[in-house]
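The primary structure of each chain is shown beneath.
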Number of protein chains: 2
Amino acid sequence: MTVTLADVAARAKVSPATVSRVLNGNYPVAASTRARVLRAVEELDYVLNGPASSLAAATSDLVGILVNDIADPFFGIMAGAVQSEIVGPGGRAGGERLAVVCNTGGSPERELTYLTLLQRQRAAAVVLTGGAVDSAEHNAAMTAKLRRLTDAGTRVVLCGRPPVPGTGAVALAFDNHGGGQRLTEHLASLGHRRIGYIAGPPSRTTTRERLAGHRAGLGLGEGEGPDELVVHGSYDRQAGYDATIELLRRDPGLTAVLAANDTVALGACAALRDQGLRIPQDVSVAGFDDLPFSVDAMPALTTVRLPLFEAGARAGRIAMGREEPPPGGIAKVRGELMVRGSTGAPRRDGAASR
Amino acid sequence: MTVTLADVAARAKVSPATVSRVLNGNYPVAASTRARVLRAVEELDYVLNGPASSLAAATSDLVGILVNDIADPFFGIMAGAVQSEIVGPGGRAGGERLAVVCNTGGSPERELTYLTLLQRQRAAAVVLTGGAVDSAEHNAAMTAKLRRLTDAGTRVVLCGRPPVPGTGAVALAFDNHGGGQRLTEHLASLGHRRIGYIAGPPSRTTTRERLAGHRAGLGLGEGEGPDELVVHGSYDRQAGYDATIELLRRDPGLTAVLAANDTVALGACAALRDQGLRIPQDVSVAGFDDLPFSVDAMPALTTVRLPLFEAGARAGRIAMGREEPPPGGIAKVRGELMVRGSTGAPRRDGAASR
DNA sequence: CTGTTAGCGCCTTCAT
DNA sequence: ATGAAGGCGCTAACAG
């Protein structure tokens, strides 16, 4: 029924071994033989059986990419960048590796499940993007799982998430703390004192680091000072909207709102407008990430630009062994403060009118 | 070295076949035996070898998703929706299917290459999203390739792209023509007569259909009437910016700009603003797709909402055989006109001041 | 319900 | 540079 390598061999009047060598190109084959084989492949419309060759060779050309939400450009950009770097040697058609993008939805269980599935596929490499859930239990499970993967020869790269010690996984961590701090210092230098903070889900490393940076920018130490101007929510627009209403309720005199990311910031902007407040005259707003749409918001969003594409591309190259991992297997990726129209000096009277 | 099914069998004192049956759950096994096997799996930390089982069973749990650009939410939303529907029966961990997301970058060659790669992996199903390149050559190649896939038992679903006759592929096509037409009629009813159109790449079906709808809305027949107010570009923000400048050059008296999609529309808005033109007082702008950020533009973008998530989810279900394909294997997915702040009546004087 | 027996299609030493 | 042969790890009939 389905044409196999043996069929090709028969038609080309060579042994299966020779066909295999031609197809994999990892071995010297006479030009004339190669041509004959290739022609037979054409004529028979032969397509290699991936599972069979993976089984025999004990390797696979699958590369896993874990993301929290593929519909979010934050992850889409990184996933696309990783993918652009995992093409096979020569970039030839057929020599390529396939990216398996796994949508975890931010769930630790699904994250682990997908890693098992990738392990089952004997993935050549795995790239985990974005923040991690930071609980002792999940950390332990992840450590075990990642170690097993690296032990089995799968290269593991963390892109935009903190290192997992003792696993052999390379980490390109975003400087969320520094970014959060710079953002807050920017607002403070403008004269803001009552700054609301819309944080992401409490358990995520990204949330914690950005919030810690914010608090550091405020001059607060660990666990010090009041939290009444911090509201947690998910990383979406609606959460930004709701949190802003809540912050305004807690302190109508707010002069600035710092959001967990740009998407949340857009929700915050919408809420402020619906409350009749002007940006930035009445309330300044800032986001994080600098996604493509952020510059098109009105006014354009002040934010911290994270080099998502570059980081993803680097992760992809490291995963493919085409670039040296950073010393110690850990690199910190800095963000750049982008000051735009959505932040300005606070109103003189200090109280936003509703 | 690596633990195999036989090792588990030995430890559980059963035959390999029994272990396989427990793991696949497709066969009656005594509860006590199952428990014993499961314990052995735990103790040995055994992970099934995917390639081996795919080879033996002649099936795989990989599902391909082809997208033009995974960083674009238009595709990200569909990909995420497909992925949410391809979980295995019971939704159990391990019973899942893996989504292989392939970024074609809009290149016909890469599209074909990825299909071959998926064919090689013996993918259970393939979903192709977004517009296709519409050339005789590529159509022929795609027809051949898709037929081969469906012949091999791979379910193929086209999501947001026109049918490919004679292939057994199910198509959920977006009503781009109708959307384009309604958008233009909306502008016309507002009193606009000089409408610029920023089209996507000329060869894509999406571009052609939307543009044809626009021309129909203008009351023009096929190939009839002047094209001086149509500019082609890629589907990105910069293209929208550049095209708008060009349109303004061609006709400074323009009162409206229709963009190929929302992203392009944002670029158009930026260009208009940079030219000192107000939206919609001087020039109305409309997009297409209704991506999440469109409602946050200022003013909010008038556009055509495409049910991307719903369509992707349906495509996923059909691909998994969990939903009947539409009659004839073809369904048209309609868009909904969303009238928002970016469109309004044209200026009385009819000429935009620069 | 469980064990036995053959392959699935390819890669890879080992020869030649 | 090419051929021969064994096995990668698992599943799918068949028996029992």
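Residues numbered from 1 in each chain as written. Chains lettered and ligands numbered in written order. Predicted model: local features only at pLDDT ≥ 70, side-chain atom pairs only at ≥ 80, totals over all residues. Heavy atoms only, no water.

If you check an unreviewed UniProt entry, chain A appears there as LacI family transcriptional regulator from Streptomyces uncialis.

**Some remarks on the overall build of chain A**
Scanning chain A from N- to C-terminus turns up twelve helices and twelve strands. Along the first, second and third principal axes, the C-alpha atoms of chain A reach 90 × 40 × 35 Å. Looking at the 354 residues of chain A, the share that counts as buried comes to 55%. The contacts in chain A between residues at least 6 apart in sequence include a share of 73% that link residues at least 24 apart. Approximately 14,300 Å² of chain A is accessible, and the part contributed by carbon and sulfur atoms is 53%. Distance between charge centres in chain A, computed from 38 positive and 36 negative side chains, equals 5 Å. (Helix = DSSP H or I, 4+ residues; strand = E, 2+ residues; numbered from the N terminus. Buried < 20%, exposed > 50% of the residue type's maximum accessible area, 1.4 Å probe, protein only. Contact = heavy atoms within 4.5 Å. Areas by Shrake-Rupley, 256 points an atom, 1.4 Å probe, with all protein chains shown as cover. Lys, Arg positive; Asp, Glu negative; His and termini not counted. Charge placed at Lys NZ, Arg CZ, Asp CG, Glu CD.)

**Observations regarding the interface of chain A and chain B**
Each partner contributes residues to the interface: chain A has 49 residues there, and chain B has 49 residues. Both sides together, the interface formed by chain A and chain B hides about 4,500 Å², and carbon and sulfur atoms give 59% of it. On the chain A side of the interface with chain B, the three residues burying the most area are Leu98, Arg120 and Asp296 of chain A, jointly 14% of the side's total. At the junction of chain A and chain B, the tally comes to four salt bridges. There are 14 residue pairs in polar contact (both at pLDDT 80 or more) connecting chain A and chain B. Of all the secondary structure elements, the ones that give two or more residues to the side of chain A that touches chain B are α4 (50-57), α5 (73-85), β2 (98-103), α6 (108-120) and α11 (262-274) of chain A. Ranked by residue count, the leading element in the side of chain A that touches chain B is α6 of chain A, at eight residues. Grouping the constituent residues of the side of chain A that touches chain B by class yields 26 nonpolar, 13 polar and ten charged. (Buried area = accessible area lost by both parts, 1.4 Å probe. Salt bridge = Lys/Arg side-chain N within 4 Å of Asp/Glu carboxyl O. Polar contact = N/O pair within 3.5 Å; in protein donor to acceptor, adjacent residues only side chain to side chain. Nonpolar A, V, L, I, M, F, W, Y, C, P; charged D, E, K, R; others polar.)

**Re the UniProt feature "domain: HTH lacI-type" (unreviewed entry) in chain A**
The UniProt entry lists residues 3-57 of chain A under the feature "domain: HTH lacI-type" (unreviewed entry), expressed in the numbering used here. Across residues 3-57 of chain A one finds 71% helix and 0% strand; the C-alpha atoms that close the span lie 20 Å apart. (UniProt positions renumbered as here; feature names shortened; annotations may be inferred.)

**Quick notes on the environment of Val87 of chain A**
Among the structural elements, Val87 of chain A can be located in the loop between α5 and β2. Through-space distance from the C-alpha of Val87 of chain A to that of Thr143 of chain A is 28 Å; in sequence the pair is 56 residues apart. In this view, Val87 of chain A contacts Glu96 and Arg97 of chain A together with Arg110 of chain B; residues no more than four positions away in its chain are not counted.

**Details of the protein's contact with DNA strand D**
With respect to spatial proximity, 26 residues lie near DNA strand D, and among them Ala30 and Thr33 of chain A together with Leu5, Ser20 and Tyr46 of chain B are the closest. Expressed as a percentage, the sugar and phosphate content of the atoms of DNA strand D within 4 Å of the protein is 69%. In the model, a phosphate oxygen of DNA strand D is placed 2.4 Å from a nitrogen or oxygen of the Thr33 of chain A side chain. Between DNA strand D and Asn24 of chain B there is a distance of 3.1 Å, counted from a phosphate oxygen to a side-chain nitrogen or oxygen. Contributing elements (two or more residues each) for the surface near DNA strand D: α2 (16-24) and α4 of chain A together with α2 (16-24) and α4 (50-57) of chain B. Element by element, the count of residues in the surface near DNA strand D is highest for α4 of chain B, at five residues. Considering only residue class, the surface near DNA strand D consists of 15 nonpolar, nine polar and two charged. (Near = heavy atom within 4 Å.)

**A word on the relation of the copies chain A and chain B**
When chain A is fitted to chain B, the residual RMSD is 0.1 Å, and the transformation amounts to a turn of 180 degrees plus an axial shift of 0.0 Å. On this basis, the relationship between the two copies can be described by a two-fold rotation axis. An overlap of 100% is found between the interface residues of chain A and their copies at the interface of chain B, pointing to a shared contact surface. (Least-squares fit on C-alpha atoms with pLDDT ≥ 70 in both.)

**Some remarks on the protein's contact with DNA strand C**
Taken together, 26 residues are adjacent to DNA strand C, and Leu5, Ser20 and Tyr46 of chain A together with Arg21 and Thr33 of chain B come closest. Protein-adjacent atoms of DNA strand C, using a 4 Å cutoff, are sugar or phosphate at a proportion of 65%. One of the side-chain N or O atoms of Arg21 of chain B is found 2.7 Å from a base nitrogen in DNA strand C. Within the residue set of the surface near DNA strand C, elements represented by two or more residues are α2 and α4 of chain A together with α2 and α4 of chain B. Broken down by element, the residue count for the surface near DNA strand C peaks at five residues, all from α4 of chain A.

**Some thoughts on the sheet that holds strand β6 (residues 195-199) of chain A**
All names here are of chain A. Strand order in the open sheet formed by four strands is β7-β6-β8-β9, and the pairing between neighbours is parallel. Single-partner strands in this sheet number two, and they are β7 (230-232) and β9 (284-286). Going from strand to strand, the sheet's axes swing by 15 degrees on average, the running direction of each strand aside. Pairing geometry for β6 and β7, over three bridges, is parallel. When the bridges of β7 are listed, Tyr197 appears paired with Val230. Packing against the sheet, helix α8 (residues 176-190) makes contact with β6, β8 (256-259) and β9, and its axis sits at approximately 170 degrees to β8. Where α11 meets the sheet, it contacts β6, β8 and β9, and its direction lies at approximately 160 degrees from that of β9. (Pairing = 2+ DSSP bridges. Axes fitted to C-alpha atoms, helices over the stretch in contact; angles between N-to-C directions.)

**What about helix α3 (residues 31-44) of chain B?**
Residues and elements named next belong to chain B. For α3, spanning 14 residues, the distance from its first C-alpha to its last is 20 Å, which sits close to the expected 20 Å at 1.5 Å a residue. When we look at burial in α3, the residues that qualify are Thr33, Val37, Ala40 and Val41. When α3 is viewed along its axis, its buried side chains cluster within an angular range of 100 degrees and face the same direction. What points out from α3, more than 90 degrees from its buried face, is the exposed set Ala31, Ser32 and Glu42. In the core, the buried residues of α3 are packed alongside α1 (5-12) and α2. (Expected span 1.5 Å × (residues − 1). Arc of directions from axis to C-beta.)

**Points about unusual backbone geometry**
The residue after Ile279 of chain A, namely Pro280 of chain A, is reached through a cis peptide bond having omega 0 degrees. With respect to the element layout, Pro280 of chain A can be found in the loop between α11 and β9. You will see that Lys13 of chain B, though not glycine, has its phi angle at about 55 degrees, which is positive. Among the structural elements, Lys13 of chain B can be located in the loop between α1 and α2.

**Overview of empty space enclosed by the protein**
Following the criterion strictly, the structure yields four cavities of 30 Å³ or more and no others. Here the largest cavity defines a volume of roughly 70 Å³. For the largest cavity, the full set of lining residues is Pro51, Ser54, Ser60, Asp61, Leu62 and Gln121 of chain A together with Pro51, Ser54, Ser60, Asp61, Leu62 and Gln121 of chain B. Taken together, the elements giving at least two residues each to the lining of the largest cavity come down to α4 of chain A together with α4 of chain B. (1 Å grid on protein atoms, 1.4 Å probe; cavity = no way out; pocket = protein on both sides within 12 Å on 5 of 7 lines; lining within 4 Å. Points joined across faces, edges and corners; volume = space filled by probe spheres on them.)

**Focus: helix α7 (residues 136-151) of chain A**
Residue and element names in this part refer to chain A. Under the 1.5 Å per step criterion, the end-to-end length of α7 is 22 Å for 16 residues, consistent within 8% with the ideal 22 Å. For α7, the set of buried residues is His138, Met142, Lys145, Leu146, Leu149 and Thr150. Buried residues of α7, seen end-on, are gathered within an arc of 130 degrees and therefore sit on one face of the element. Away from its buried face by more than 90 degrees, α7 exposes Ala136, Glu137 and Asp151. Looking at the buried residues of α7, the elements they touch are α6, β3 (125-129) and β4 (155-159). The positive-phi residue at the C-terminal boundary of α7 is Gly153, with phi of around 95 degrees.

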